[in-house]
Amino acid sequence: MKQRHIFGDVLALLGYALLRRRAGRQVTASERSERPRLEAYYVGVLVAFAAFLVAWTAWQNQREHESAARPPVRVDVSSFLWCWAFSYPQAPERRTVSGSCRGDDLPTLVVPTGHPVQLRLTSRDVIHSLWVPHLRYKMDAFPHHVNTFTLTLDREGRWMGKCAEFCGQRHRTMHFWIKAVSPEEYDKWLQGQQGAAV
Amino acid sequence: MTVAPPTEKSDIGGRPVPPSGWLGWVTSTDHKRIGLLTAGTSFVLFVGMGTLALTMRAQLAQPEQELVSSHLYNQLFTIHGSGMIYLVFTPFALGMGVYLVPLQIGAPGIAMARLTLLGYWFYALGAAVMLAGFATPLRAHADGWFSYPPMADSVHSPGTGTDLWIAGVFLATTGTIIMGWTVLRKRTYGMTMLRLPVFSWSMIVSCLMVIGAFPALLAALGLLAVGRADPSMFDQNVWNIGYQHLFWFYGHPVVYVMFFPYLAAVAEVLAVFSGRRFFGYKGTVLSLLVFAALSMSVWGHHMFATGQATNDYYSLTSIALLVPAGVEYFAMVGTILGGRLRLAPPMLFALAFIPQFLIGGLTGIMVGTPVIDYHVTDSYFVVAHLHYVLFAGSAFGLFGAVYFWFPKVTGVMLGHRLGRLRFWLLVLGTNVTFLPMFALGYLGMPRRISSYASFEGFGWLNLLSSIGAAFLAAAMTVFAVNVLWTLRKRTLGSAEKAPDDPWGGHTLEWATSSPPPRLNFTPDHPVPPVTSFAPLLDLRQKQKEETAADRSRP
């Protein structure tokens, strides 16, 4: 990371100054008050670095929002005080999974691996935020507004998701599970067959 | 204050004798008294808000603890955050400006002194109103310092506490706007713009931001107040997201208002204790102005996760900030590299500021980058980042400034040994408290949770952080003892008297007596010729050259 280099450089200069420029070492203070040319070069380097970062970030943003080639699996996520509800509009019979988020009663969001999954995120009351730390991603859930994002999980597993936007009393236990299963198992589960998922 | 002999009465314009005691303090139009009142009030609040933070660290030290209820915990972080930002760091910065800027530019007082005093009253009243929330039946406001609707509306946050919070923040912010306006209007004689000391420049820039951005907070609070009267307003997304835009239009510049004056105090300390002129003055002044201008265009980077901000634009402007920030670091590091360093307490704080603030700044670039921000926003990573900026950065600048200007303000020296002890306790406490929070956030601990389950594995990092907080408490105790003891000794007359210029200062405030007289400069202590942004240094160099020339003469 660039950050670590910058931090290391400043620390090294600071250490040098502390070791070599202490008053006890009989140094005399410089009378020079500026070095405009050096500073100009330095600003040039900074600007170039900033330009690089801007370009890189814009590229990453682009990638983040690239729409998938295949039609995504759609899940409607609704948040409320203080739990989550996941509906699957593509299921033969509309399916909704919810819970109370008390104790072990956490709802599970089931998604197929290898498929883009489009989450349509909204809230029934205040602002919440869906965060899956494992996926390094979060998105706010607003009332009277739908936020959409697409994610693809590559391997099977189960991870915990949380609410990241403060929403009062039981904000801290507003968790859910996200479970990635193979596409076949997902289809079975969507048909409502036993033995699959949750 | 010295009592003026009757012959000098004409100097104060033959006005009636001002009241003495506390009434004299709260009605004085002396900018030094208003400045001290503001700084003193915010310091008392600082201790109070710090105590709230210690309670939170105690609650989080172990998983599944129930030291405080979750409702009380929500009040604690709300008042801690609101208090530190609205009532401590912003007013303290402006208080320093009210005290120092007239002295630094050789003026006898502040422009519009009565208005400045009114600003202080608004601020003090606002603080009292906000804290009064604890005395209401449903207790204080509990929705965080940014209080987004609809969470903060009257349906989801019932009770008078929230109303008092709105009123309190409104009053305190009005007070700071008024103070900012008066500091800005302070014009000088004989001092050109490029001879203003770095600290005075930082105040000008801060006040520009106060005037430009703080009214947006008043608008946001007004919106919230209307919405509390009629909660159906927040059934429209535009008001919810609109509030966030207004809030962060204020919320980003305020960070720099809480940063520039302390950064500039650090710059003055670095130059004085390096025994040389501040390096790259013009670049620094220019970078402050660029910073202020950019600060008003980056607010959306607090809102990436809302899905309703233009990511590319806001990440562009946020990344551009690294250019002026880099220029400031160039100047600070350049100053010490060519200096002759004396490691007195103010210098220790200034030196620690450099790497510690850098951690805050570099992680700031990270959270300003949407791809990283999507993961870490609203997590403990942000808590760590903002505390590195405000505590490891600004607070170190603040304490450096207190040690630096204490002799000037009080006329006595602040104990050096306790100062050093306090410094090391604070460095240790700061880093042990806030460094683990980066890891916690990255591992998935959200902000504003009153407890966490033991299986999540956050236990030992939180414990470490709480142990660090104990060191912070110890450091603050040592500081309080040091200050109170020194002031007590001053009353008894046994404290070490401070000379006019104990550190070999560069700027005009060191040319007058310690503490400065009512009108700052007297015939005994005239304003020296202003030849650059470091007039006293010029004077000393000239004297040195003259004595050298005298000696070379046969």
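In case you missed it, the structure is sitting above this.
Quantities reported herein were computed from a predicted structural model and do not represent experimental measurements.

Conventions and cut-offs
- Residues numbered from 1 in each chain as written.
- Chains lettered and ligands numbered in written order.
- Predicted model: local features only at pLDDT ≥ 70, side-chain atom pairs only at ≥ 80, totals over all residues.
- Heavy atoms only, no water.
- Helix = DSSP H or I, 4+ residues; strand = E, 2+ residues; numbered from the N terminus.
- Rg over C-alpha atoms; globule rule 2.2 N^0.38 Å.
- Buried < 20%, exposed > 50% of the residue type's maximum accessible area, 1.4 Å probe, protein only.
- Areas by Shrake-Rupley, 256 points an atom, 1.4 Å probe, with all protein chains shown as cover.
- Lys, Arg positive; Asp, Glu negative; His and termini not counted.
- Charge placed at Lys NZ, Arg CZ, Asp CG, Glu CD.
- Salt bridge = Lys/Arg side-chain N within 4 Å of Asp/Glu carboxyl O.
- Disulfide = S-S within 2.5 Å.
- Pairing = 2+ DSSP bridges.
- Axes fitted to C-alpha atoms, helices over the stretch in contact; angles between N-to-C directions.
- Contact = heavy atoms within 4.5 Å.
- Phe/Tyr/Trp six-rings, centres within 6.5 Å; stacked < 30°, edge-to-face > 60°.
- Buried area = accessible area lost by both parts, 1.4 Å probe.
- Polar contact = N/O pair within 3.5 Å; in protein donor to acceptor, adjacent residues only side chain to side chain.
- Nonpolar A, V, L, I, M, F, W, Y, C, P; charged D, E, K, R; others polar.

Draft legend 1. Representation of the overall build of chain A. Counting secondary structure elements, chain A contains 3 helices and 10 strands. When the helices and strands of chain A are read in sequence order from the N terminus, they spell out α-α-β-β-β-β-β-β-β-β-β-β-α. For a compact globule of 198 residues, the expected C-alpha radius of gyration is about 16 Å, and chain A comes in at 26 Å, more than 25% above that figure. Considering only C-alpha atoms, chain A reaches an extent of 85 × 40 × 35 Å along its principal axes. Taking all 198 residues of chain A together, the buried fraction comes to 45%. Approximately 10500 Å² of chain A is accessible, and the part contributed by carbon and sulfur atoms is 51%. Positive and negative charge centroids in chain A, built from 26 and 18 side chains respectively, lie 8 Å apart.

Draft legend 2. Inspection of the pattern of salt bridges at higher detail. Under the counting rule described, the total for this entry stands at 9 salt bridges over all chains. When the shortest N-O distance is used, the salt bridge between Asp76(A) and Arg120(A) registers 3.7 Å. In this pair, Asp76(A) is assigned in strand β1 (residues 73-80) and Arg120(A) in strand β5 (residues 116-123), connecting sequence segments 44 residues apart. Classification of Asp76(A) by relative accessible area gives buried; the value is 14%. Looking at Arg120(A), the relative accessible area reads 29%, which means it is partly exposed. Residues Asp538(B) and Arg277(B) are paired through a salt bridge, measuring 2.8 Å at the closest nitrogen-oxygen approach. Highlighted residues: Asp538(B) in helix α17 (residues 535-552) and Arg277(B) in the loop between α8 (260-274) and α9 (281-295), separated in sequence by 261 residues. Taken as a pair, Asp538(B) and Arg277(B) share a single burial class, namely buried.

Draft legend 3. Broad picture of the state of the cysteines. Residues and elements named next belong to chain A. Tallied over the entire structure, the rule returns 1 disulfide over all chains. Between the sulfur atoms of Cys83 and its disulfide partner Cys101 the distance amounts to 2.1 Å. With the S-S dihedral at roughly 75°, the linkage between Cys83 and Cys101 falls on the right-handed side. Of the two residues, Cys83 is situated in strand β2 (residues 83-88) and Cys101 in the loop between β3 (95-98) and β4 (108-112); the sequence distance between them amounts to 18 residues. Looking at Cys101, the relative accessible area reads 2%, which means it is buried.

Draft legend 4. Molecular detail of the sheet that holds strand β7 (residues 137-141) of chain A. Residues and elements named next belong to chain A. Read across the open sheet, the 5 strands follow the order β4-β10-β9-β6-β7; overall the sheet is mixed. At either margin of the open sheet sits one strand with a lone partner, and together these are β4 and β7. On average, each strand axis in the sheet is inclined to that of its neighbour by 25°, with strand direction left out of account. Bridge count between strand β6 (residues 128-132) and β7: 5 bridges; the pairing is antiparallel. Following the sheet pairing, Ser129 is matched in β7 by Asp140. Along the sheet face, helix α3 (residues 183-190) touches β4 and β10 (175-181) and points at about 130° away from the line of β4.

Draft legend 5. Representation of the packing of aromatic side chains within the structure. Residues and elements named next belong to chain B. Tallied over the entire structure, the rule returns 60 aromatic pairs over all chains. Look at Phe249 and Trp299: their rings are 5.4 Å apart centre to centre, the planes differ by 75°, and that puts the pair in the edge-to-face class. With Phe249 in helix α7 (residues 237-257) and Trp299 in the loop between α9 and α10 (311-320), this pair connects stretches of sequence that are 50 residues apart. A relative accessible area of 23% means that Phe249 is categorised as partly exposed. Each ring, one from Phe279 and one from Phe330, has its centre 5.8 Å from the other, and the planes form 40°; the classification is tilted.

Draft legend 6. Structural context of the interface of chain B and chain A. Taken together, the contacts link 88 residues of chain B with 69 residues of chain A. For the pair chain B and chain A, the two sides together bury roughly 6300 Å², of which 65% comes from carbon and sulfur. Joining chain B to chain A, the criterion identifies 2 salt bridges. Close ionic contact of Glu64(B) with Arg172(A) constitutes a salt bridge, the shortest N to O distance being 4.0 Å. In this assembly, chain B and chain A are joined by 18 residue pairs in polar contact (both at pLDDT 80 or more). Of all the elements in the fold, those that place two or more residues in the side of chain B that touches chain A are α3 (70-104), α7, α9, α10, α11 (322-337), α12 (345-367), α13 (370-376) and α15 (416-443) of chain B. Ranked by the residues each element gives to the side of chain B that touches chain A, the list is headed by α11(B), at 9 residues. Per-class residue counts for the side of chain B that touches chain A are 45 nonpolar, 29 polar and 14 charged.

Draft legend 7. Broad picture of the pairing of strand β9 (residues 157-163) of chain A. All names here are of chain A. Across the 7 residues of β9, 5 count as buried, placing the element largely inside the fold. Summarising the sheet, β6 and β9 pair through 2 bridges and their orientation is antiparallel. By the bridge assignment, Leu130 is partnered in β9 with Cys163. By the bridge criterion, 6 bridges tie β9 to β10 in an arrangement that is antiparallel.

Remember, this is a structural readout, not a statement about activity or role.
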